[in-house]
Amino acid sequence: MQKEYEFDEAFRRDGGRAKSEIDLFTDIRRRFSAVNTFLKHSYPNLPEIHLDFIENDSLNAAATKYKGNYFIGINLGSYFLIYDMFMKMLASKSVWPKIGNNQLETDHKKILKAYINIYDKITFRFDNQDIAIPQDKLRLEFAILCTNHAFDFLIYHEIAHILRGHVGYLASLIENNFYWREFDNLSQRSKLPSDVSQTLEMDADSFATNRSLNIIASNLKDTKQVNEIFRFAFKDWSTILPIWVFSIYSLFRLFGYRQYAVEDAKKLSHPPSSIRMALIAGNIVTLFELKYGKELIPSVVKDIIESTKAAEDAFSEITFQEANWDIYRNSYTKESTDYIFSITDNWNKVRPVLEEYALGNLPPLKIIK
Ligand SMILES: [Zn+2]
């Protein structure tokens, strides 16, 4: 109980430890502990991390070091928003029409239970009773698979902030209790210049992408490791990668998509979602080049384009926002790609600072051509 108490104290400002306990949390805690055990093989110095839920309806997650211990806090609202998003998407006929029998889904438009304020802060509406669950069994399982992908990504991202020394570094700069928060309207972080902060976010996304694809590769080799209900998705890379990309793009879409001028984007704590997604796409291609098969790259690129478009359409299906895939496409203009390179090149400046705080090996310095 000591950890629960400390967790509550550490995240008191945001609402403290969630008071209710539901089955879904047990499932997430179990998956988190599996992830942790798995990571211990590669990172023997990984400290014990306590993950729990924060009594807060808005979309956020945070990592912190409190009284010498590491904590990851997930806002209740994050879980419900992600879950509600994929359930409603798959309960809509036009989303993934070839999965299961989409004709079983009802015709009315299912809207995400959320408030979005002018600062893009998104909050789950517990008062809204409009629950939609896909009628087709396979579509329901598909929605759960997407939720798991998105959630695991978020958890890996938070673990990376601890493992790679980001949290330890920030703890050395700030004496008071602090959080490494994800979605504070992307405003600048105190004590961390934006260029450093953005490179650390890129590092956490890159870690989450590497680990996620690593697990997929292992599951593809031995599908018996996969829960039976999800095995249909693990035939080969061309069945699972589009689902993974769809899930992660949707997660970022939930964080808010806005077209920023590059000069404004550089001032934020995190790169804008569309830029992060482009960084992740680049990362996926590199992983295929190095590990999963160069020959697959043309179809991987095609899958990324099609799945991000499909996710954009699916998001507009469950909100009143118009689909605008151009925001993502604009991440590939000359100006944006220069910006992307500035984030990755900055690793060479950031890495030496992190070395003292990292709890596992850091990626090598980048060779700049
Ligand atoms: Zn982060």
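Residues numbered from 1 in each chain as written. Predicted model: local features only at pLDDT ≥ 70, side-chain atom pairs only at ≥ 80, totals over all residues.

## Notes on the sheet that holds strand 6 (residues 180–181)
Here is step 1 of the chain: Spatial strand order, 1-3-2-6: 4 strands in an open sheet with mixed pairing. Both outer strands of the open sheet, strand 1 (49–54) and strand 6, are each paired with one neighbouring strand and no more.
Here is step 2 of the chain: Both strand 2 (residues 61–66) and strand 6 contribute to a ladder of 2 bridges, which runs antiparallel. Residue pairing in the sheet places alanine 63 in a bridge with tryptophan 180 of strand 6.
Here is step 3 of the chain: On the sheet, helix 3 (residues 76–90) packs against strand 1, strand 2 and strand 3 (69–75) and is oriented at approximately 50° with respect to strand 3. (Pairing = 2+ DSSP bridges. Helix = DSSP H or I, 4+ residues; strand = E, 2+ residues; numbered from the N terminus. Contact = placed C-beta atoms within 7 Å. Axes fitted to C-alpha atoms, helices over the stretch in contact; angles between N-to-C directions.)

## Focus: the environment of serine 197
Here is step 1 of the chain: Turning to its location among the elements, serine 197 is positioned in helix 6 (residues 194–221).
Here is step 2 of the chain: Here serine 197 falls in the buried class, since 22 other C-beta atoms lie within 10 Å of it.
Here is step 3 of the chain: For the pair serine 197 and isoleucine 343, spaced 146 residues apart in sequence, the C-alpha separation works out to 9.6 Å.
Here is step 4 of the chain: Apart from the residues lying within four places of it in its own chain, the contact partners of serine 197 are Arg189, Leu192 and Ser269. (Buried ≥ 20, exposed ≤ 12 C-beta atoms within 10 Å, placed from the backbone.)

## What to know about the environment of phenylalanine 230
Here is step 1 of the chain: Relative to the elements of secondary structure, phenylalanine 230 occurs in the loop between helix 6 and helix 7 (237–254).
Here is step 2 of the chain: Residue phenylalanine 230 is classed as partly exposed on the basis of its 17 C-beta neighbours within 10 Å.
Here is step 3 of the chain: On a C-alpha basis, the gap between phenylalanine 230 and glutamate 141 in space is 7.0 Å, while along the polypeptide they are 89 residues apart.
Here is step 4 of the chain: In this structure, phenylalanine 230 is in contact with Glu141 and Leu145, ignoring residues within four places of it in sequence.

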